[in-house]
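Structure assessment
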Amino acid sequence: MIPMSLLLISSIWLLGAWGANAGNQMPGFLTKPETLFISEQGRVRFTSDAPLELIEAESGQLRGLIDTEARTFAFTIDMLSFQGFNSPLQREHFNEIYMETEKFPKSSFAGKIIEEVDFEMPGTYSIRAKGKLTVHGVEQERIIRCDLVVAEGSIDVDTQFSILLREHDIRIPRVFHQKIAEEIQVRARATFAPKSGR
């Protein structure tokens, strides 16, 4: 079960209340703000490698929050922020037909780090992040492997995983089955800094 504190973080922060008031203190249920690390310009790249077409797009607007004491996290990204594709029409179809970004403007991943990590000890850690991945308005429980590089005053996160379109109710017209892969490869990278230092 996801802790109540995480649900509060996710519901407030992912809806943009924290982002719109980034200089404000987080709500009182977080007793140690020095354990909060934030990232506002992480990068996400996705690749669709289908028999007849390779499609790639990237966004630099991944936003994230890690509570190092509770080992909880929340990430969100605006789907309209993805650039690339093979043509402007392809990007339009991505937003209007497949992702339906007017109805589902954001994707998110929120949960808890499974392994014990000493965030006060610099080093590289291979961890598993367990949580709810929401894409196209459909929530799936996932365990995603990540690499963390902990340094003084920063945490770097790097992960690669895949998303099956059918698991998120994303339907591809039959005529495009050879041009859009059923499984999308994703890479996400972000650097976190202490919120208390901002």
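Above this note sits the structure.
So, a few notes on the structure that sits alongside this text. Treat the numbers as computed from the prediction; the structure is a model and nothing was measured.

This brings us to the overall build of the chain. Looking only at helices and strands, the chain has three helices and nine strands in total. Ordered by position in the sequence, the α and β elements of the chain form the string α-α-β-β-β-β-α-β-β-β-β-β. A buried classification covers 44% of the 198 residues belonging to the chain. Accessible surface, the chain: about 11,000 Å² in total, of which carbon and sulfur atoms supply 51%.

Next up on the list: the pairing of strand β9 (residues 183–194). As paired elements, strand β1 (residues 36–49) and β9 share seven bridges and run antiparallel to each other. Following the sheet pairing, Arg43 is matched in β9 by Arg189. Where strand β8 (residues 154–164) meets β9, 10 bridges bridge the pair, whose relative direction is antiparallel. Counted as the bridge partner of Ile155 is Phe192 from β9.

Turning our attention to the environment of Thr47. In this fold, Thr47 is placed in strand β1. Taking the C-alpha atoms as reference points, Thr47 and Arg187, 140 residues apart in sequence, are found 8.8 Å from one another. Ignoring anything within four residues of it in the chain, the contact list for Thr47 reads Leu54, Ile55, Glu56, Ile184 and Gln185.

A few words on the packing of aromatic side chains. This model, assessed by the stated rule, comprises eight aromatic pairs. Relative to Phe75, the ring of Phe73 has its centre 6.0 Å away and its plane inclined at 50°; by these criteria the two rings are tilted. Consider the rings of Phe85 and Phe94, whose centres lie 5.1 Å apart with planes at 50°: the pair is tilted. There is no split in this pair, since Phe85 and Phe94 are both buried. Among the aromatic residues, ring-to-ring pairing joins Phe46, Phe82, Phe85 and Phe94 into one connected group.

Rules and cut-offs
- Residues numbered from 1 in each chain as written.
- Predicted model: local features only at pLDDT ≥ 70, side-chain atom pairs only at ≥ 80, totals over all residues.
- Heavy atoms only, no water.
- Helix = DSSP H or I, 4+ residues; strand = E, 2+ residues; numbered from the N terminus.
- Buried < 20%, exposed > 50% of the residue type's maximum accessible area, 1.4 Å probe, protein only.
- Areas by Shrake-Rupley, 256 points an atom, 1.4 Å probe, with all protein chains shown as cover.
- Pairing = 2+ DSSP bridges.
- Contact = heavy atoms within 4.5 Å.
- Phe/Tyr/Trp six-rings, centres within 6.5 Å; stacked < 30°, edge-to-face > 60°.

None of this, on its own, says anything about what the molecule does.
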